[in-house]
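If you want the building blocks of each chain, they are given just below.
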Amino acid sequence: MSYVTGLREVGDGLYAYLQPDGSWGWSNAGLVVDGERTLLIDTLFDLRLTEQMLGAMRRAVPAAASIDTLVNTHANGDHCYGNQLVGGARIIASERTAAEMVELPPGAMAALVEQAPQMGELGAFFLDCFGAFDFRGIELTLPQETFSGALTVAVGDRKLELIEVGPAHTRGDTLVHAPRERVLFSGDILFSGAHPITWAGPVSNWIAACERILAMDPELIVPGHGPLAGADAVRELKAYFEYLYEQARRCRAEGMTALEAARAIALDRWADWGDPERLVVNVDNIYRELEGDQQPTNPLVAFEQMATLARGG
Ligand SMILES: [Zn+2]
């Protein structure tokens, strides 16, 4: 399947909005339509990109001129910073996602991008990741309705299942499943063709999330980033995490730090995946799980380690 920017129908009344190349901040979104009723899955990282997406949706589906419901799959800004452009929509997210959203407001991202040129290697890496986006003028727009575990949402006569599988990528990761069409909007539980990043974890819980997806037997997955995928991509992700566990356990027993382990681990059949610097954060999360530490890696420390690894240091 081709991987180009824009909207494409992935099932009857189901649409994916894709943003190649799927790397840092270039997220996907979804639209579900039944007659005049509409549900949007995620907004994008800034107002310009979200406006472009909403325009493409309105041109393809006139009912999308008014979005009834918005679901945010998780708290990262590339999935919710455009929320203010969907005024009037009922916004739903898991309780943990709603709580996490206030922790990194858009103003803080704008300030980081502004200061990045004075921040050396870390700043350069940060600009590589986020320099293409414009965080000015964004007003954090939070969900008014939250749930824990699972929630069924109606879009006209259609029923969607919201399934909370976090903490994994973030604390409250939520899947949106259209069971009749066997289409799954996975949010960042799946990065297709790229390394995942464990901001929350533990990784064992992410493996459990993969198993839940495989049990649903989806025919098509709209990942949070990257091209459309099938269940095979989730099998590969699960195998990747299991492989990392095995490797991290060995490296830890040899006394390596997480950064040394990330340098030493051969990427095997995942060597062509994008954003390989994320490996260090995944290994660090596994180290913490092995040590019984419940705290995920501090995001600033994670960026410092990724900047070092990305530079080949
Ligand atoms: Zn994302």
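Scroll up to find the structure.
Overview of the structure.

## A word on the overall build of the protein
When you go through the protein residue by residue, the secondary structure sums to nine helices and twelve strands. Scaling as 2.2 N^0.38, a compact globule of 313 residues should have a C-alpha radius of gyration of about 20 Å, and the protein matches this with 19 Å. Dimensions of the protein, computed from the C-alpha atoms along their principal axes, are close to 60 × 45 × 35 Å. Put simply, the protein has 313 residues, and 57% of those count as buried. Of the side-chain charges in the protein, 24 are positive and 43 negative, and the distance between the mean point of each set is 2 Å.

## Points about the sheet that holds strand β2 (residues 14–18)
Spatially, β1-β2-β3-β4-β5-β6-β7 is the arrangement adopted by the seven strands of the open sheet, whose pairing is mixed. Both edges of this open sheet fall to β1 (6–11) and β7 (145–147), since each of them pairs with a single strand only. Sheet twist, expressed as the mean angle between neighbouring strand axes with direction ignored, is 25°. As defined by bridge partners, β2 adjoins strand β3 (residues 29–34) across four bridges and the pair is classed as antiparallel.

## Regarding helix α3 (residues 106–115)
The periodicity of an α-helix, 3.6 residues per turn, causes residues three or four positions apart to be oriented the same way. Turning to α3, its buried residues number three or more, namely Pro 106, Met 109, Ala 110 and Val 113. End-on, the buried residues of α3 take up no more than an arc of 100°, which puts them together on one face. Contact partners of the buried residues in α3: α4 (120–130).

## Some words on the coordination of the zinc ion
Each protein donor to the zinc ion is listed here as Asp 78 (OD), His 79 (NE2), Asp 188 (OD) and His 225 (NE2); together their distances run 2.1 to 2.4 Å. Coordination at the zinc ion is irregular, judged from the four donor atoms that bind it and the angles of 84 to 161° they form at the metal. Summarised as a motif, the one-chain spacing of the donors to the zinc ion is D-H-x108-D-x36-H. Of this pair, His 79 sits in the loop between β5 (69–71) and β6 (90–94) while His 225 is found in strand β12 (residues 220–225), placing the two residues 146 residues apart along the sequence. Here His 79 matches His 225 in class, with each residue buried.

## Re the sheet that holds strand β11 (residues 183–191)
Taken together, five strands build an open sheet; the order of strands is β8-β9-β10-β11-β12 and the sheet is mixed. Every other strand in the sheet has two partners, leaving β8 (150–155) and β12 as the edge strands with one partner each. On average, each strand axis in the sheet is inclined to that of its neighbour by 25°, with strand direction left out of account. Of the pairings in the sheet, the one linking β11 to β12 comprises five bridges and is parallel in character. By the bridge assignment, Gly 187 is partnered in β12 with Pro 223.

Criteria and cut-off values
Residues numbered from 1 in each chain as written. Predicted model: local features only at pLDDT ≥ 70, side-chain atom pairs only at ≥ 80, totals over all residues. Heavy atoms only, no water. Helix = DSSP H or I, 4+ residues; strand = E, 2+ residues; numbered from the N terminus. Rg over C-alpha atoms; globule rule 2.2 N^0.38 Å. Buried < 20%, exposed > 50% of the residue type's maximum accessible area, 1.4 Å probe, protein only. Lys, Arg positive; Asp, Glu negative; His and termini not counted. Charge placed at Lys NZ, Arg CZ, Asp CG, Glu CD. Pairing = 2+ DSSP bridges. Axes fitted to C-alpha atoms, helices over the stretch in contact; angles between N-to-C directions. Arc of directions from axis to C-beta. Contact = heavy atoms within 4.5 Å. Donors = N, O, S within 2.8 Å, 3.2 Å for Na, K, Ca; no water. Tetrahedral: all angles 85-135°; square planar, octahedral: opposite > 155°, others 65-115°.

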